[in-house]
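# A closer look at the structure
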Amino acid sequence: MEIEAALLGHAGVQRAVVVVREDQPGKGRLVGYVVAGAGAETGVDAEALRSHLQRRLPDYMVPSSFVFVARFPLTANGKLDRGALP
């Protein structure tokens, strides 16, 4: 939650979710999923987000990658469907 709050502190981010992905068993990495704000004039990109987070969080809390999506997938109940994130 702290990482997501820091991401939301960036002017160009409308919504953010951070999950741990295991590409190899036992080796998790943080991935930040971001919905850019409508008309974001700040030019949101991975390097801008990484720089923003590095000023606010310890290195181990900065996601190794970011995925930009138009909207988050939702369950039938309207909650975030983490399993359906790309």
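This report concerns the structure included in the present document. (Residues numbered from 1 in each chain as written. Predicted model: local features only at pLDDT ≥ 70, side-chain atom pairs only at ≥ 80, totals over all residues. Heavy atoms only, no water.)

## Observations concerning the sheet that holds strand β3 (residues 65-68)
How we decide: Paired strands, in this sense, are two strands between which DSSP finds at least two bridges. Counting from the N terminus, the helices are DSSP H or I runs at least four residues long and the strands are E runs at least two residues long. Angles run from 0 to 180 degrees between N-to-C directions of axes, and those axes are lines fitted to C-alpha atoms, restricted for helices to the stretch in contact. In what follows, a contact means two residues having at least one pair of non-hydrogen atoms within 4.5 Å.
Sheet architecture is open: 3 strands sit in the order β1-β2-β3, paired in mixed fashion. Both edges of this open sheet fall to β1 (13-24) and β3, since each of them pairs with a single strand only. Recorded for the sheet is a direction-independent mean angle of 30 degrees between the axes of neighbouring strands. The pairing of strand β2 (residues 27-36) with β3 spans 4 bridges and is classified as parallel. Each residue of the ladder has a partner; that of Gly32, found in β3, is Phe66. Against the sheet, helix α2 (residues 46-54) touches β1, β2 and β3, its axis set at about 130 degrees to β3.

The values are spatial; any link to function lies outside them.
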